[in-house]
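An overview of the molecular structure
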Amino acid sequence: MAASGKKMLEKYNLQSFKVLVADDDQNMRSILRSTLEAYGFTDIVTVSNGAQACKEFLIYRADLVITDWLMSPLNGLDVVRAIRTAPDSPDPYVPIIMLTGYSDLARIIEARDAGVTSFLAKPITAGLLFARIIEIVENRRPFVAIEAFFGPDRRRRDARFKGDDRRHSAPQYLDCGADQVPPPAIAGEVENLRTGGGAAAALGAL
Amino acid sequence: MSLLLNLPNVLREKADQPGGLRPEEAIERARVALVDFRDTYKEWVAADVKRLKAESERILAAPERSQARVERLYRIAHEMRGQATTFGLPLLTEIGNYLCRFVEKMGVPRDRDLEILDLHVDAMRLVVAEGGAPDGPATSDMMTGLRAIAESKDRSTGAA
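Now for a look at the structure at hand. (Residues numbered from 1 in each chain as written. Chains lettered and ligands numbered in written order. Predicted model: local features only at pLDDT ≥ 70, side-chain atom pairs only at ≥ 80, totals over all residues. Heavy atoms only, no water.)

**Some points on the interface of chain A and chain B**
Often the size quoted for an interface is simply the accessible area lost on bringing the parts together. Contacts between chain A and chain B engage 70 residues on the former and 44 residues on the latter. Interface of chain A and chain B: buried area, both sides summed, is about 5,100 Å²; carbon and sulfur atoms make up 60% of it. In this assembly, chain A and chain B are joined by four salt bridges. The partner of B:Arg75 in a salt bridge is A:Asp24, with the nearest N and O atoms 3.2 Å apart. At the junction of chain A and chain B, the tally comes to 17 residue pairs in polar contact (both at pLDDT 80 or more). Elements with a contribution of two residues or more to the side of chain A that touches chain B: helix H1 (26-39), helix H5 (126-138), strand S6 (143-146), strand S8 (172-175) and helix H6 (184-195) of chain A. Sort the elements by how many residues they give to the side of chain A that touches chain B and H1(A) lands first, with nine residues. Split by residue class, the side of chain A that touches chain B holds 35 nonpolar, 17 polar and 18 charged. (Contact = heavy atoms within 4.5 Å. Buried area = accessible area lost by both parts, 1.4 Å probe. Salt bridge = Lys/Arg side-chain N within 4 Å of Asp/Glu carboxyl O. Polar contact = N/O pair within 3.5 Å; in protein donor to acceptor, adjacent residues only side chain to side chain. Helix = DSSP H or I, 4+ residues; strand = E, 2+ residues; numbered from the N terminus. Nonpolar A, V, L, I, M, F, W, Y, C, P; charged D, E, K, R; others polar.)

In structure tokens form, the structure reads like this:
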């Protein structure tokens, strides 16, 4: 059962999905391409650094971004921040998997606070990467827009939250339409919160 | 102000089309694809470990100019640790983790630190040459030693 309460799909047709993969290691790009093709993806673009990822993202409307962390110029974290908060990001809500050789808690928190949807430590297994992708397909987490953060809700729905609730006010819940655009009355406020946090340079300037 | 935006799940609609794969089918296909990579991976890892050793030798030959070379060595080891277990070399991932952790906590390296790095590199070369887990007590001693180095570094830098 998905977290949404819906029964999970029995089969997944991923042929029409667009996937953008960023990894500076050529071997890893080959591994990921083969693995994703095996899952059923047919439209995959791979790039070798964060700057290329940001440029490509402007024109290739990815349904899913899988990015390494350690790259240059621009690392994976820069990519995440740019996608989430750059004024010219064509889709700040796109699911992003950070797939990295880093596995320490400090980095997981840093990635989460930059707005990744899912953090996956390498080495990968066939089952684990697929499970993460399916989790993203089945469970569309709401997005949080506050002064200090724009990204998927960092609180897991199925975990009890310990400690004080530091949210200063009850959040306003808003339903976005099929085009993912917030209701017009609040769209401006969302944009201010999204882009006002001092994010990385706009995607187009890279 | 805090806003919680409920987004439509367009990806689920996209995936819910005829002609899809069951999860177990997709995973099995990917598993086979990764197995098919194993021979290619042997070539990659042999080349990587050669580059690693070359970098380490340059570092030891000129320790005063080591910073950029240590960064290159770190990046090679970082990539290797992220792939090795996928292709049946978990020991290589483990040693790669120790090496990377050591570099992260190293600060300005002393000559002894650079020798310890080279020790890790030789351990990785041994694993690659043996094609996996070298047998025998020598390997066990080697891993015990590397773990002890990592833990000692953690203690000296106050890491958990």
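**Describing helix H6 (residues 111-130) of chain B**
Residues and elements named next belong to chain B. The end-to-end C-alpha separation of H6 is 29 Å, in line with the 28 Å expected for 20 residues at 1.5 Å each. Of all the positions in H6, only Asp113, Leu114, Ile116, Leu117, Asp118, His120, Val121, Ala123, Met124, Val127 and Val128 are classed as buried. Contact partners of the buried residues in H6: helix H3 (38-61), helix H4 (67-81), helix H5 (90-104) and helix H7 (137-156). A positive phi of about 75° marks Gly131, the residue just after H6. (Expected span 1.5 Å × (residues − 1). Buried < 20%, exposed > 50% of the residue type's maximum accessible area, 1.4 Å probe, protein only.)

**Considerations on the packing of aromatic side chains**
Enumeration over the complete set of coordinates arrives at ten aromatic pairs over all chains. When the ring of B:Tyr41 is compared with that of B:Phe87, the centres are 4.5 Å apart and the planes differ by 15°; the resulting orientation is stacked. Of the two residues, B:Tyr41 sits in helix H3 while B:Phe87 sits in the loop between H4 and H5, which places them 46 residues apart along the sequence. The pair B:Tyr41 / B:Phe87 is uniform in exposure class, with both members buried. Over the ring of A:Trp69 we find A:Arg107, and its NZ or CZ is 5.7 Å from the ring centre. The ring centre of A:Phe17 lies 5.8 Å from the NZ or CZ of B:Lys14, which sits over that ring. (Phe/Tyr/Trp six-rings, centres within 6.5 Å; stacked < 30°, edge-to-face > 60°. Lys NZ or Arg CZ within 6 Å of the ring centre and 35° of its normal.)

**As for the pattern of salt bridges**
Residue and element names in this part refer to chain A. Tallying each qualifying case throughout the model produces 25 salt bridges over all chains. Note that Arg107 is salt-bridged to Asp104, the shortest N-O span being 3.5 Å. The salt bridge partner of Arg112 is Asp113, with a shortest N-O separation of 3.0 Å. Exposure remark for Arg112: the relative accessible area of 35% places this residue in the partly exposed category. Asp113 gets classed as partly exposed once you look at its relative accessible area, which sits at 34%.

Keep in mind these numbers describe shape, not what the thing actually does.
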